[in-house]
Amino acid sequence: FESPSLRGQGFRSDSGPFFRAETFMVEPFRQSLRTYIAPPPPTTSRFVPTVGSALAAYGTAPRQVTGRPHRNGTTLEHLFGNPRQGSYHEDMSTAPRLAAAKRDWGHDESGCTVLHIDMDAFYASLEVARQPELKGKPVVIGTGPRSVVSAANYEARRYGINSAMPSARARQLCPNAVFLPVDIRYYRKVSQSIMRDVFLTVTDRFEQVSVDEGYMDVSGALLRWGKPSAIGAWIRHEVERRFHVTCSVGIAANKLVAKIASTNAKPNGMLLIPSSRSAEFVQMPLRSIPGIGPKLEQRLNTWGIASVADLSQLSMEQLTQATGSPANARHLWMASRGMDDRIVTPTHVEKSIGSEETLLEDTTDQRIVCQQLRESCNIIARSLRNRGFMARTVTVKLRFTDLRYRTRSCTLGQPADAASTLYPTCVTLLHAMLDMRGDDATQPLPRPVRLIGVSVSGLTKANNTAIQPSLDDLLEEHGRTDETTTSNRLRAAEAALDAVRSKYGNQAANLGI
């Protein structure tokens, strides 16, 4: 399209504009839209407007109309067939990609020493790589009656399938898709090989942020490589040659712009944004900025902020009022100007550790929920000990039948790495979240629960964490000949069980806490 502002402007195809928003009406353009909104071949990255984007130009947000009742009681699927098949290719993230951004922004690479490398449809691509017969077919990662989609390749995304969507819904959208279970060990193994054998051969200034993406500071590698774009091109070639999957690369002066650039380079592309054009490049929809999700977008919209251009017009004080957070205000103020002072940090600092499980059936049985809480606490506590951490904050998450969820957190009196400490706290949080009184373990929950999750945060290294014994601990130590406490003995027992679980599985042995 020709302008960041869609209202009142025309969309442009390869051959030129084909309608103007002021004159757009549904019926007269039904056939012409079908012609222009044809599914692009899997290899193309050309922007193809959707029905949703067309209506957005007319003044109606896509999320308000796509697949929902129209004024006359019909749906857009009824009017246009399946508009999702005509949508532009997008990553599993919700960040929008714009064809206007995927163009030549210039060739000045001075100061552009940050690369963001993002694998394309990583899980699904790995499955196709090890099962070549799946090439060209829609592939969805996530099976089971209550599972959600973990990943989908670009062939599957053309049908509207995206991450976190219930797998049952994905089967409705694309019955012929190949559904495969998540093989996270395999994905992590390949990820480690890619990071070690490709990325880290360029420079040790690499920050892995997830299993399929990371940032690279190549300032120290330019003497050998010459230009950042040469590094990006080599990485893309080597990843595809060695592992038969593709990645997209964003090159910029900072992490924020590099991240947005790699998103807009997808799939299998590379985008260089000269330092002098960073501010111009980020003038996109709000959701293009990492960290702006649906809730923050909605809050900004209520303040009349509809785009990054609107953000750039506000002062830090105004943004603080709009977001309610000085930290968020500073981030948005800088982001709207293409600025980011974060550096590439090779050592990734753990922020939290969690475990969650979706039940096969919704339940109000407190014993089932508590059993899952106990299993999650065992997994988390073992992970804490293996990584040498202790946690200070515990959070319980519940998702209900209507897919809404609630969380409740508590700060512990002492840092902990034992399930015997975490589990009682989780039960207390469960009762508080659901306004349950008493200690009756057989009391049914007031609402059916679909998903149970536990996470811990406020992590510190165990060998650097001082623990102040409580008065009860001191009294117990004084009354015993071995001068130990119940909590210390339980912690030691759990540590001993780690070896058993490592050999025979997580369910091989458990403490009756």
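Remember, predicted model here, so these are calculated numbers, not experimental data. (Residues numbered from 1 in each chain as written. Predicted model: local features only at pLDDT ≥ 70, side-chain atom pairs only at ≥ 80, totals over all residues. Heavy atoms only, no water.)

A.B. asks: When you look at the sheet that holds strand β9 (residues 247-252) in this model, what are you seeing that I'm missing?
C.D. replies: Pairing between the strands of a sheet comes from backbone hydrogen bonds, and it takes one of two forms, parallel or antiparallel. Ordered by their spatial adjacency, 5 strands build an open sheet running β7-β8-β3-β9-β10, and the pairing between neighbours is mixed. Every other strand in the sheet has two partners, leaving β7 (206-210) and β10 (270-272) as the edge strands with one partner each. The mean inter-strand angle of the sheet, taken between neighbouring strand axes irrespective of direction, is 15°. Pairing of strand β3 (residues 114-119) with strand β8 (residues 213-217), which is carried by 5 bridges, proceeds in the antiparallel orientation. When the sheet's bridge partners are listed, V114 is paired in β8 with D217. (Pairing = 2+ DSSP bridges. Helix = DSSP H or I, 4+ residues; strand = E, 2+ residues; numbered from the N terminus. Axes fitted to C-alpha atoms, helices over the stretch in contact; angles between N-to-C directions.)

A.B. asks: Help me out: how do you make sense of helix α10 (residues 228-243) in this one?
C.D. replies: Turn by turn, an α-helix covers 3.6 residues, leaving residues three or four places apart pointing in a common direction. Taking 1.5 Å of rise per residue, 16 residues should cover 22 Å, and α10 covers 22 Å from first to last C-alpha, within 8% of that figure. At the C-terminal side of α10, H244 shows a positive phi close to 60°. (Expected span 1.5 Å × (residues − 1).)

A.B. asks: Could you clarify how one ought to interpret the sheet that holds strand β5 (residues 151-152) in this entry?
C.D. replies: Strand order in the open sheet made by the 3 strands is β5-β4-β6, with mixed pairing throughout. Two strands bound the open sheet, and with one partner strand each, they are β5 and β6 (178-180). One ladder, built from 2 bridges, connects strand β4 (residues 139-141) with β5; its direction is antiparallel. Residue pairing in the sheet places I141 in a bridge with A151 of β5. Helix α5 (residues 122-130) contacts β4, β5 and β6 of the sheet and is inclined by roughly 120° relative to β4. (Contact = heavy atoms within 4.5 Å.)

A.B. asks: Just checking my understanding: could you explain the packing of aromatic side chains for this structure?
C.D. replies: A ring pair, where both rings are aromatic, is described by two values, the distance of the centres and the angle of the planes. Counting across every chain of the model gives 6 aromatic pairs. With a centroid separation of 5.2 Å and 50° between ring planes, the pair formed by F199 and F206 is classed as tilted. Put simply, the rings of F122, Y123, Y186 and Y187 pair up and form one aromatic cluster. The ring of Y423 is capped by R374, whose NZ or CZ atom sits 5.0 Å from the centre of that ring. The side chain of K461 reaches across the aromatic face of F389, ending 4.5 Å from its centre. (Phe/Tyr/Trp six-rings, centres within 6.5 Å; stacked < 30°, edge-to-face > 60°. Lys NZ or Arg CZ within 6 Å of the ring centre and 35° of its normal.)

A.B. asks: Sorry, what's going on with the environment of Y187 here?
C.D. replies: Checked against the element boundaries, Y187 lands in helix α8 (residues 184-202). Among the residues examined, Y187 registers a relative accessible area of 0% and is labelled buried. For the pair Y187 and L126, spaced 61 residues apart in sequence, the C-alpha to C-alpha distance is 7.3 Å. Contacts of Y187, omitting those with residues within four sequence positions, involve F122, Y123, L126, E127, I141, P181, V182 and V211. (Buried < 20%, exposed > 50% of the residue type's maximum accessible area, 1.4 Å probe, protein only.)

A.B. asks: How should the pairing of β8 be read in this particular structure?
C.D. replies: Within a regular strand, side chains alternate between the sheet's two faces. Most of β8 sits out of view: 5 of its 5 residues are buried. The two faces of β8 match: E213, Y215 and D217 on one face and G214 and M216 on the other face are all buried. Across 4 bridges, β7 lies against β8 in antiparallel orientation. By the bridge assignment for β8, Q208 is matched with G214. Hairpin connection, β7 to β8: the antiparallel pair is bridged by 2 residues.

A.B. asks: Even after reading the chapter, I still don't get the packing of helix α15 (residues 316-323) against helix α16 (residues 326-335), so can you show me in this structure?
C.D. replies: With their axes 8 Å apart at the nearest point, α15 and α16 run at an angle of 125° to one another. By the angle class used here, α15 and α16 are oblique. Remark: the crossing between α15 and α16 carries right-handed chirality. Across the interface between the two elements, M316, L319, T320 and T323 from α15 touch P326, N328, A329, R330, L332 and W333 from α16. Class assignment for the residues of the contact of α15 with α16 results in 6 nonpolar, 3 polar and 1 charged. (Parallel < 35°, antiparallel > 145°, perpendicular 65-115°, else oblique. Left-handed = near helix turned anticlockwise from the far one by under 90°. Nonpolar A, V, L, I, M, F, W, Y, C, P; charged D, E, K, R; others polar.)

A.B. asks: I keep staring at helix α13 (residues 294-302) and nothing clicks. Help me out?
C.D. replies: Inspection of α13 places L296, E297 and L300 among the buried residues, and these make up the whole buried set. Take α13 and look down its axis: the buried residues cluster within an arc of 100°, on one side only. Pointing more than 90 degrees away from the buried face of α13 are the exposed residues P294, K295, Q298 and T302. Looking one or two residues beyond α13, the residue adopting positive phi is G304, at roughly 80°. (Arc of directions from axis to C-beta.)

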